[in-house]
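Below are the chains, spelled out letter by letter.
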Amino acid sequence: MEIDSSSSTITLQPFKLSDVDDFMIWASDDRVTRYVTWKPFTSKEEALTHIKDVCIQHPWYRSICIHDRSIGFVWIYPGSGDERCRADIGYAVALEFWGQGVATKAVKIAISEALKNFPEVVRLQAYVVVENKASQRVLEKVGFLQEGDE
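Residues numbered from 1 in each chain as written. Predicted model: local features only at pLDDT ≥ 70, side-chain atom pairs only at ≥ 80, totals over all residues. Heavy atoms only, no water.

The name given to the chain in an unreviewed UniProt entry is N-acetyltransferase domain-containing protein, with the source organism recorded as Acer negundo.

## Digging into the overall build of the chain
For the chain, the count of helices and strands is 4 helices and 5 strands. Order of helices (α) and strands (β) in the chain, N terminus to C terminus: β-α-α-β-β-β-α-β-α. Taken over C-alpha atoms, the radius of gyration comes to 15 Å for the chain, in line with the 15 Å a tight globule of 150 residues would show. Dimensions of the chain, computed from the C-alpha atoms along their principal axes, are close to 40 × 30 × 30 Å. The contacts of the chain with a sequence gap of at least 6 include a subset with a gap of at least 24, amounting to 61%. Accessible surface for the chain amounts to roughly 8700 Å². Of this, 49% is attributable to carbon and sulfur atoms. When the 17 positive and 22 negative side-chain charges of the chain are each reduced to one mean point, those points stand 3 Å apart. (Helix = DSSP H or I, 4+ residues; strand = E, 2+ residues; numbered from the N terminus. Rg over C-alpha atoms; globule rule 2.2 N^0.38 Å. Contact = heavy atoms within 4.5 Å. Areas by Shrake-Rupley, 256 points an atom, 1.4 Å probe, with all protein chains shown as cover. Lys, Arg positive; Asp, Glu negative; His and termini not counted. Charge placed at Lys NZ, Arg CZ, Asp CG, Glu CD.)

## Focus: the pairing of strand β4 (residues 86–93)
One face of the sheet, then the other: side chains in a regular strand alternate in exactly this way. Of all the 8 residues making up β4, 6 are buried; the element is thus mostly covered by neighbouring parts of the structure. Inspection of the sheet shows strand β3 (residues 69–78) paired to β4 by 7 bridges, in the antiparallel sense. Looking at the pairing, G72 lines up with V93 of β4. Here 3 bridges tie β4 to strand β5 (residues 123–125), and the two strands are oriented parallel to one another. (Buried < 20%, exposed > 50% of the residue type's maximum accessible area, 1.4 Å probe, protein only. Pairing = 2+ DSSP bridges.)

## Things to note about the environment of E46
Its place among the elements puts E46 in helix α2 (residues 44–55). Accessibility expressed as a relative area gives 34% for E46, which makes it partly exposed. Separated by 22 residues in sequence, E46 and M24 place their C-alpha atoms 9.7 Å apart.

## Observations concerning the pattern of salt bridges
One pass over the full model with this rule turns up 7 salt bridges. K16 is the partner of D19 in a salt bridge, and the nearest nitrogen-oxygen pair spans 3.4 Å. For K16, a relative accessible area of 41% translates into the label partly exposed. (Salt bridge = Lys/Arg side-chain N within 4 Å of Asp/Glu carboxyl O.)

## What to know about helix α4 (residues 133–141)
Think of an α-helix as turning once every 3.6 residues; residues three or four places apart then point the same way. If you check which residues of α4 are buried, you get S135, Q136, V138 and L139. For α4, the angular spread of the buried residues around the axis is 155°, confining them to a single face. On the buried face of α4, the contacting elements are β4 and α3 (102–117). With its phi angle positive at about 105°, G143 sits one or two positions after the end of α4. (Arc of directions from axis to C-beta.)

## Quick notes on unusual backbone geometry
The phi torsion of most residues other than glycine is negative, and most of the peptide bonds are trans. Of note, H67 is a non-glycine position whose phi angle comes to about 50°, a positive value. When you line up the elements, H67 lands in the loop between β2 (61–66) and β3. Judged by relative accessible area, which is 56%, H67 ranks as exposed. Phi angles above zero are rare outside glycine, and D68 is one such case at about 60°. Here D68 is to be found in the loop between β2 and β3. Residue classification places D68 among the exposed residues on the basis of a relative accessible area of 59%.

In structure tokens:
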């Protein structure tokens, strides 16, 4: 996937089944999926099922796109009931875009867009594995504060 992120606009788009080929590029990479809750995808059929049943059905799950090509994801999941004032955020970006500010830009956009959809949310939180220093830096750059042990 040859896309220049430095001169490109990053957008967040709802996933479509037609994203599957781009999705497979990054979602099958164990370096990209190392810190997410799912294992790398090994087949196009498995990826299509995930896009259809998880990404499209989720309350706020977006494809990070450059030139309308999926290069990662960001999701925000609002709580319910007594937890409706909280939401969780998660994200991942294709390996070739690491260290270029793509995740930071995508998370900034996601926060702005998603919180309009969930006005009752007053706390947005992310759980980050201690070893995932790059993700910690992304969150610090967009204004998150660290809680708990380092």
